[in-house]
Amino acid sequence: MTTVHNLTPSPLRTMTLQSCTGLFAQVMWTPKASADCLDYVLDFSTLLAGTGDTLTAIRSAVVTTATGGAYDLKVMWSAVAGTLVVAFLASGQPNTAQKILFEITTQQGRVYSVMAVLQITALTVATAPPSDFPSDTLTNGKVLIAGIEALPSGYSSNGRVVMATEDAAPVGTPSFESVAAGTYAGDGSGLEVTSGGKAQTIGQWIAALSSGGTQGVGIRSINVTQGTVTAGQPSTVTLTATLTDGTTTAPATFEAPAGATGAKGDTGATGATGADGKDGANGTTGADGVGIASVAVTQEAVTAGQSSTVTLTATMTNGATAPAVSFDAPAGAAGATGPAGSDASVTATNIETALGYTPANGANYFPLAIDNTKDSSGNYNLPAVVATNSGFDNSGGLFTLGYADDPVIQIGMYKGYFGENSVIIRSMTSQPVGIIISNQDGSGTSVSAHRLPTGDGATQSSCITVDGRLGGATGAYYFTNQDNGGGNYWKIQANTQDTSDGWPDDLQIFAAVNGNASWQTIPAVTFSAKSNQATLAAEPLVLSYNAYTFATLPTSPVAWQRALVTDKAIGSGTQGVMAMWNPNTKAWTGLGGETLV
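Cut-off values and rules
Residues numbered from 1 in each chain as written. Predicted model: local features only at pLDDT ≥ 70, side-chain atom pairs only at ≥ 80, totals over all residues. Heavy atoms only, no water. Helix = DSSP H or I, 4+ residues; strand = E, 2+ residues; numbered from the N terminus. Buried < 20%, exposed > 50% of the residue type's maximum accessible area, 1.4 Å probe, protein only. Contact = heavy atoms within 4.5 Å. Areas by Shrake-Rupley, 256 points an atom, 1.4 Å probe, with all protein chains shown as cover. Salt bridge = Lys/Arg side-chain N within 4 Å of Asp/Glu carboxyl O. 1 Å grid on protein atoms, 1.4 Å probe; cavity = no way out; pocket = protein on both sides within 12 Å on 5 of 7 lines; lining within 4 Å. Points joined across faces, edges and corners; volume = space filled by probe spheres on them. Nonpolar A, V, L, I, M, F, W, Y, C, P; charged D, E, K, R; others polar. Patch = residues over 30% accessible without salt bridge, like charges linked within 9 Å, V, L, I, M, F, W, Y side chains within 5 Å. Pairing = 2+ DSSP bridges. Axes fitted to C-alpha atoms, helices over the stretch in contact; angles between N-to-C directions. Polar contact = N/O pair within 3.5 Å; in protein donor to acceptor, adjacent residues only side chain to side chain. pLDDT = per-residue confidence, 0-100. Core = buried A, V, L, I, M, F, W, Y, C linked by side-chain atoms within 4.5 Å. Phe/Tyr/Trp six-rings, centres within 6.5 Å; stacked < 30°, edge-to-face > 60°. Lys NZ or Arg CZ within 6 Å of the ring centre and 35° of its normal.

Asker: For this particular structure, what's the right way to read the overall build of the chain?
Answerer: Secondary structure summary: the chain contains three helices and 36 strands in total. Counting only residues that meet the buried cut, the chain has 25% of its 597 residues in that class. When contacts within the chain are restricted to residue pairs at least 6 apart in sequence, those whose partners lie at least 24 apart make up 44%. Carbon and sulfur atoms provide 54% of the accessible area of the chain, an area that totals close to 39000 Å².

Structure, rendered in structure tokens:
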């Protein structure tokens, strides 16, 4: 028997896309365990708002992190529904982050590429995808979406994802609802009519009645009217349906046959006749009674040992107010004298004991609203997160940040770490930890911890800018060792202020000693932005690997290349001179063009 499987996509696993460019190039889905088989949704409604465009097809849906293993994350199926992309995902290695690249096309020719990231938790062991997932014999393996693709004759999805198969409900997919096709009411109303011995839904029946009707159109409402009903006679019933595309069908009229006359009921037994009573005399007509609706009570000031006046004023049920009635309330008897009190016993502890509660310690709670003004002593009393001890155990942990299934980041602190007070941000998963700094428009950067191939730790970022606005338009990098008491420095600096010719000033490399007190007056190297040349403060040293005999000089030198020739001289000078390749003479000469001898 053909079975229709319905799936309503979960809004809890739906990600509405805001942008596909800028800082955030991927979206994060709610994590799942390896054994979970769940539906995930990408919502393009915001991206397509105002365009009149709709999604048409999924060009590809590829798990880019798949390794070919038995427990790779698998896309069981994927489909387009209006502005939604629905994917059914299974398996995945525990404690990994999986990436799925979707390429989506639209009716107007747009193509969107979206990378979705899905964390596989360690809640279950690695579980392979279900092997008995149903095959779709009616639609060549496609998943059908209501309103986008036509369903087989006689079926509708009621606005949900549909698979029509010859198999039972999919194993491991409890969110599917399966019903037999022969009893499935496609419009969700539960109404069926019979035509030619076949059970049809109201949608099929309306399609057959209306000119040009289609099976893919559902029913929004049905208006039923019936003529006057007379016992023993037939009555006229008229049905008019409003379809989901806004059209109204032509009225369909039929006669409801008269019901059969009911059988006559048994005659009930006759009760005994009671004796006649005597007629009573008519009483006089009484006046309408009036009751009290409310009574207001007032009392003058009460003084110990003295009487006080109490006044009662009644409001009647007919709205009238009765005259006030006043009387003296006698003074009450003097109460017994209680034990002598003591100021010393009126303490917060005694009050708490008497009331039977212990107030919460405010120091253990972080306030939602923080008072950052000075107190009467001129001090700021800001709230604090305080650890019970100081140490590097557990990376100085204070608290963690994460999701419901597992922590992701640990926040800690350490006092005196290499002479510094440090805030520690530590990843609790195999992924590196980082900080994303973003502007409102989406521009920004990220800084993350990085392990070098050598095993050393480092930071990495896509872009680092040195801003010279606070230093006279000059930005610089300093290289130093804060534990070196001599304070030796290297500095790379550049003045980025515009010059008269439109080029920035030179990039310079300096050295300094004695705690930044003695800088070299001439930079070791200067790079000119306009001429694109480097200037050295001193003649470069000639290292041993640049020394040659004349016979071993490079055979294909570049223009003006320099080399030390150990077995040649200039004129009557000593052997061992600096030579250069002169491109004008095509020969090795002295630096001034002299002939080597």
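Asker: Quick question: what am I supposed to make of the pattern of salt bridges here?
Answerer: For the coordinates displayed, the defined rule picks out three salt bridges. One salt bridge connects D39 with R13, and the closest N-O pair in it is separated by 3.0 Å. With D39 in strand 4 (residues 37-43) and R13 in the loop between strand 1 (3-7) and strand 2 (14-16), this residue pair connects regions lying 26 residues apart in the sequence. E103 is the partner of R59 in a salt bridge, and the nearest nitrogen-oxygen pair spans 3.9 Å. Taken together, the residues span a long stretch of sequence, with R59 in strand 5 (residues 55-63) and E103 in strand 8 (residues 96-106) at a distance of 44 residues.

Asker: Got a minute to help me understand the layout of surface pockets in this structure?
Answerer: Empty space among the atoms becomes apparent when a probe as large as a water molecule is rolled across them. As a volume, the largest pocket reaches approximately 1400 Å³. Considering the residues around the largest pocket, the lining is formed by 37 residues, among which Q26, M28, Q431, P432 and I436 are closest to the centre. Those elements that place two or more of their residues in the lining of the largest pocket are strand 2, strand 3 (26-28), strand 8, strand 9 (111-120), strand 22 (407-417), strand 24 (434-438) and strand 25 (444-451). Top contributing element to the lining of the largest pocket by residue count: strand 25, with five residues. Classifying every residue of the lining of the largest pocket by side-chain character gives 20 nonpolar, 14 polar and three charged.

Asker: It is not clear to me how a nonpolar patch on the surface should be interpreted in this structure. Could you clarify?
Answerer: Taken together, F366, I370, Y380, L382, V385, F399 and L401 make up a surface patch of nonpolar side chains, about 700 Å² in accessible area. Assignment of secondary structure puts I370 in the loop between helix 3 (348-355) and strand 21 (397-402).

Asker: What should I look at first to understand the pairing of strand 34 (residues 562-565) in this one?
Answerer: Consecutive side chains of a regular strand alternate in pointing toward one face of the sheet and then the other. Only one face of strand 34 is buried: it carries A563 and V565, and the other face, with R562 and L564, is open. Relative to strand 34, strand 33 (residues 547-548) runs parallel, the two sharing two bridges. Among the inter-strand pairings, Y548 is bridged to a residue of strand 34, identified as V565. Taken together, the four bridges between strand 34 and strand 35 (residues 577-582) define a ladder with antiparallel strand orientation. Note on strand 35: the bridge partner recorded for A563 is A579.

Asker: Please clarify how the sheet that holds strand 21 should be interpreted in this entry.
Answerer: Hydrogen bonds along the backbone pair up the strands of a sheet, which may run parallel or antiparallel. Strand order in the open sheet formed by three strands is 21-22-23, and the pairing between neighbours is antiparallel. Each edge of the open sheet is held by one strand with a lone partner, namely strand 21 and strand 23 (420-427). For this sheet the average axis-to-axis angle between neighbouring strands, irrespective of direction, equals 20 degrees. In terms of strand pairing, strand 22 meets strand 23 through seven bridges, oriented antiparallel. Residue pairing for strand 23: Y417 is matched across the bridge by E420.

Asker: Sorry if this is basic, but what is going on with the sheet that holds strand 34 here?
Answerer: Reading across the sheet, the four strands line up as 33-34-35-36 and stay open at both edges, with mixed pairing between neighbours. Each of the sheet's edge strands pairs with one partner strand only, and the pair in question is strand 33 and strand 36 (587-590).

Asker: I tried to follow helix 3 on my own but got confused; where do I start?
Answerer: It helps to recall that an α-helix has 3.6 residues per turn; residues three or four apart then point in one direction. By the criterion of burial, helix 3 is predominantly exposed, with just zero of the eight residues buried. Positive phi appears at G356, one or two residues downstream of helix 3, with a value of about 80 degrees.

Asker: Is there a simple way to explain the side chain of S308 in this structure?
Answerer: Relative to the assigned elements, S308 resides in strand 19 (residues 308-316). Judged by its relative accessible area of 4%, S308 falls in the buried class. Polar side-chain contacts of S308 include one of 2.7 Å to the side chain of Q299. For S308, the residues in contact, after removing those within four places along its chain, are Q299, E300, A301, V302, F327, D328 and A329.

Asker: Please explain the confidence of the model for the chain as it appears in this structure.
Answerer: Atomic detail in the predicted coordinates should be set aside for any region of low pLDDT. Residues of the chain with pLDDT of at least 70 account for 75%, and the chain-wide mean is 76. Per-element mean pLDDT across the chain ranges from 33 in strand 13 (residues 192-195) up to 95 in strand 8. This model gives residues 135-160 a pLDDT under 50, and the stretch forms 64 contacts once residues within four places in sequence are excluded. A low-confidence stretch, residues 164-202 stays under pLDDT 50, and its non-local contacts, those more than four residues away or across chains, total 102 contacts.

Asker: Where do I start with the nonpolar core in this structure?
Answerer: A general trend in soluble globular proteins is that nonpolar side chains are found buried together. Core analysis: the biggest nonpolar cluster contains 24 residues, and W29, L42, F44, V85, L89, I100 and F102 have the highest contact counts within it. Per element, the largest residue contribution to this core is five residues, and it comes from strand 9. Those residues within four positions of L42 in sequence are excluded, and the remaining contacts are M15, L17, V27, W29, T83, L84, V85, F102 and V114. Core analysis: the next-biggest nonpolar cluster, separate from the first, contains nine residues, L553, W581, W588 and L596 among them.

Asker: Teacher, can you tell me more about the pairing of strand 9 here?
Answerer: For strand 9, a buried count of eight out of 10 residues is recorded, marking the element as mostly surrounded by other parts of the structure. Pairing geometry for strand 3 and strand 9, over three bridges, is parallel. Each bridged residue has a counterpart across the sheet, and for Q26 the counterpart in strand 9 is M115. Judged from the 10 bridges that link them, strand 8 and strand 9 form a sheet pairing that is antiparallel.

Asker: Is there a simple way to think about the packing of aromatic side chains in this case?
Answerer: Here a ring pair, both rings aromatic, is described through the centre-centre distance and the interplanar angle of the planes. Counted according to the given criterion, the structure contains five aromatic pairs. Plain terms: the ring middles of W29 and F102 are 6.0 Å apart, the flat faces sit at 75 degrees to each other, and that makes the pair edge-to-face. A residue pair is termed long-range when its members are at least 10 positions apart, and W29 in the loop between strand 3 and strand 4 and F102 in strand 8 qualify at 73 residues. The class for F102 is buried, based on a relative accessible area of 0%. Here the aromatic residues W29, Y40 and F102 are joined through ring pairs into a cluster of three or more. Looking at R13, its charged tip hangs above the ring of Y40, at a distance of 5.9 Å from the centre. Above the ring of F550, the side-chain terminus of K568 is found at 4.7 Å from the ring centroid.

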